Amino acid sequence: MSTSKRRKLEEGQQAPQYRGSPKSPSTPKSAAARKESASKRGTDKGVSTPESGTSTPRVVQYSSFRLSKQNYRRNKDGYSELRLTDTERFIVLGIFGIRVRSGEVSVLGTTITASETIHWIHASHCHALPVIRASEKTRLELHSDKSDKPLSCLSALSPLYQRIWHETESSSEETCGFSEDTFRILCTSEDAPKRSIVQELFSPPEWNKAISDITSTNRLDQRAPISAFVCGPKGAGKSTFSKLLTNRLLTTSDRASTAQSATGVAVIDLDPGQPEYAPAGTVSLVHITKPNLGTPFSHPGLHQAGHTVLRSHALASVSPSMSPSLYIQCATDLHETYRRTLRNCPLIINTPGWILGTGLDLLVELITIMMPSQVAYMSEDGPLDVVDVLRSATRNQFLTLPSQPSEYTARTGSQLRAMQAMSYFHMADFAATVSPAVLSWNPRPLSTVPPWEVRYASKRSGIKGILSYDFQSPPELFRAAIDGMVLAVVEIEDGKAFQDIIAGYGPAPHQPAIVGAEPASSEVQAEDRDAEMSSTTADELKIITSPEGLPIISNTNDATLDPRHSRALGLVLVRGVDTARRTLQLLSPITEAQLQGA
């Protein structure tokens, strides 16, 4: 392939015409099927494929080649093998693993070289599908997800998970809606599912240049790793840009990581509405060691292969507007934790799309506190006053990048949060039958899953109490209020976590001074005061008991926990309250080992 054609491919322009046989061995179609699939509607940005309709649409090409006997074969072990002699591009729909045997491929900013490792990818058409680009003389394998309980089985429980993967026309919910293969190579829009919208993930040239420049800066200056602060309006592509940058930093071949005391990339995810690695309603510091090749609902747990949430805080809201001060305190604590534990790793900070009013004030305060080496604003359309304010707050480099073009969305933001919550609570253990291990999900309704039973009113109580932010429910209605609610499990690392809550109770009783005692130094007084507060704060906490005996932490001043002395372990769903046994019935993917380690 010529250099000019290759450049067009990298810039996301239309792929060249097919080479090879006009028929795809993996997508056999009869004449009737081809005639039926002709009733589709194409656009430049995406393709809608209605079941029946209108005039014959233009066929959109997704891949630069057509599958043939020369470049494709089905291995007897069940995987598909591609042998590509030229530089090619293609997209795949579904859940699949990719293993490169020779040459290299790039996907989502990740460069995958020849090895025995299988990289698992979740590509659903409710998100833009990643484009896979292969170098010359590349041989690769595509593996189906062979786990007993894949993510696709959730389609039997919710319509949100239906018709987003590779599904057969005759599949039923009993078989999780899938054929033997869990993926399908899309050569043209004719290969796409009916009544679906397919978009390719497009990375503008400005993004590619910015990612290349940031990666080069990080590689050249190992003593001061980069810290990129990504901000911008909603739907601008902040999460996508952060993912591409993270993957590029992880897989840059000539990055000299031997001089560092820590490897990987640190991510501070400050978007509680659409977090990448943790449940909605939380902000977190994540240590990434493997490329992120999936959607947020494909890796919802706090501790999984490839990423570990080192510290997390619950906001009890999907927006910072509920408590801007708590949001800043949590972000500051996460940044301080990064400086203590991962300061040798490059840092990426992803922020929500709230850029006006108080949202702009929060961004300015975050930039002032964290002092990032690069601030990337993901819009060239302003607002100009917002850009000017952010640029003036930035001490280092300020970048203005174009937004990610997107005309269609198959799921709204609230639906994606629901899918992520569903994936989180149905998550099971790692599948032991697959190497390397992949996640598995429980396809049964949560009403059939045995819950945790936690004592709430005994000497061996498993909880200190239940704390509410914002609205404070009356004790007689508290049981009904929490039944069926999602709560955060918070570990209190020090009693000083309650200091703001206790301060809302009013002035403490006056302690008389000891006559004749010598005054201590200010440092000694401070140490004694901290030690006394740490030991007595928990005792000063007011616990109100509901008629069922539920311990309610009094929060008359609507205060919050101090994030410097507490952290979230995860979320639980209150399935019920057993008043006879004085236990809470909780559903959660939090493991016993995580609770014991708290």
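In the block above lies the structure referred to throughout.
The notes below deal with the structure included here.

Thresholds, definitions, all that
Residues numbered from 1 in each chain as written. Predicted model: local features only at pLDDT ≥ 70, side-chain atom pairs only at ≥ 80, totals over all residues. Heavy atoms only, no water. Phe/Tyr/Trp six-rings, centres within 6.5 Å; stacked < 30°, edge-to-face > 60°. Helix = DSSP H or I, 4+ residues; strand = E, 2+ residues; numbered from the N terminus. Buried < 20%, exposed > 50% of the residue type's maximum accessible area, 1.4 Å probe, protein only. Salt bridge = Lys/Arg side-chain N within 4 Å of Asp/Glu carboxyl O. 1 Å grid on protein atoms, 1.4 Å probe; cavity = no way out; pocket = protein on both sides within 12 Å on 5 of 7 lines; lining within 4 Å. Points joined across faces, edges and corners; volume = space filled by probe spheres on them. Nonpolar A, V, L, I, M, F, W, Y, C, P; charged D, E, K, R; others polar. Axes fitted to C-alpha atoms, helices over the stretch in contact; angles between N-to-C directions. Parallel < 35°, antiparallel > 145°, perpendicular 65-115°, else oblique. Left-handed = near helix turned anticlockwise from the far one by under 90°. Contact = heavy atoms within 4.5 Å.

**Section: the packing of aromatic side chains**
Here's step 1: Applying the stated criterion across every chain yields a total of six aromatic pairs.
Here's step 2: Ring centres 5.5 Å apart and planes at 85° place the aromatic pair Tyr161 and Phe297 in the edge-to-face group. You can see Tyr161 sitting in the loop between β10 (138-144) and β11 (183-186) and its partner Phe297 sitting in the loop between β15 (282-288) and β16 (303-304), a full 136 residues away along the chain.
Here's step 3: Between Trp165 and Phe297, the aromatic rings sit 6.4 Å apart at their centres with planes inclined by 85°, giving edge-to-face as the arrangement. Of this pair, Trp165 sits in the loop between β10 and β11 while Phe297 sits in the loop between β15 and β16, and the two are 132 residues apart along the sequence.
Here's step 4: On the basis of relative accessibility, which here comes to 1%, the residue Trp165 falls in the buried class.
Here's step 5: With a relative accessible area of 1%, Phe297 lands in the buried category.
Here's step 6: Following the ring pairs from residue to residue traces out a cluster consisting of Tyr161, Trp165 and Phe297.

**Some words on the pattern of salt bridges**
Here's step 1: Applying the stated criterion to the full structure yields 18 salt bridges.
Here's step 2: Its salt-bridge partner being Glu453, residue Arg581 comes within 3.2 Å of it at the nearest N-O pair. Of this pair, Arg581 sits in the loop between β27 (566-578) and β28 (583-587) while Glu453 sits in strand β23 (residues 452-455), and the two are 128 residues apart along the sequence.
Here's step 3: Overall, Arg581 belongs to the exposed group, its relative accessible area being 52%.
Here's step 4: Since its relative accessible area comes to 39%, Glu453 is described here as partly exposed.
Here's step 5: Bridged by salt links that share partners, the residues Arg311, Asp333, Glu491, Glu493 and Arg567 form one connected network.

**Focus on empty space enclosed by the protein**
Here's step 1: Under the definition given, this model contains three cavities of 30 Å³ or more.
Here's step 2: Quantified by volume, the largest cavity comes out at close to 100 Å³.
Here's step 3: For the largest cavity, the full set of lining residues is Ser239, Ser242, Lys243, Thr246, Val267, Asp269, Glu276, Tyr277, Asn292, Ile348 and Asn350.
Here's step 4: It is helix α4 (residues 238-251) that contributes the most residues to the lining of the largest cavity, four residues altogether.
Here's step 5: Looking at side-chain class alone, the lining of the largest cavity contains three nonpolar, five polar and three charged residues.

**Digging into the packing of helix α6 (residues 358-370) against helix α7 (residues 384-393)**
Here's step 1: Where α6 contacts α7, the axes come no closer than 9 Å and their chain directions differ by 20°. Looking at the two axes, α6 sits roughly parallel to α7. Judged by the twist between their axes, the crossing of α6 over α7 is right-handed. Facing α6, whose interface residues are Leu360, Leu363, Val364 and Ile367, α7 presents Val386, Val389, Leu390 and Ala393.
Here's step 2: Here the contact of α6 with α7 is composed, by residue class, of eight nonpolar, no polar and no charged.

These figures capture arrangement, not role.
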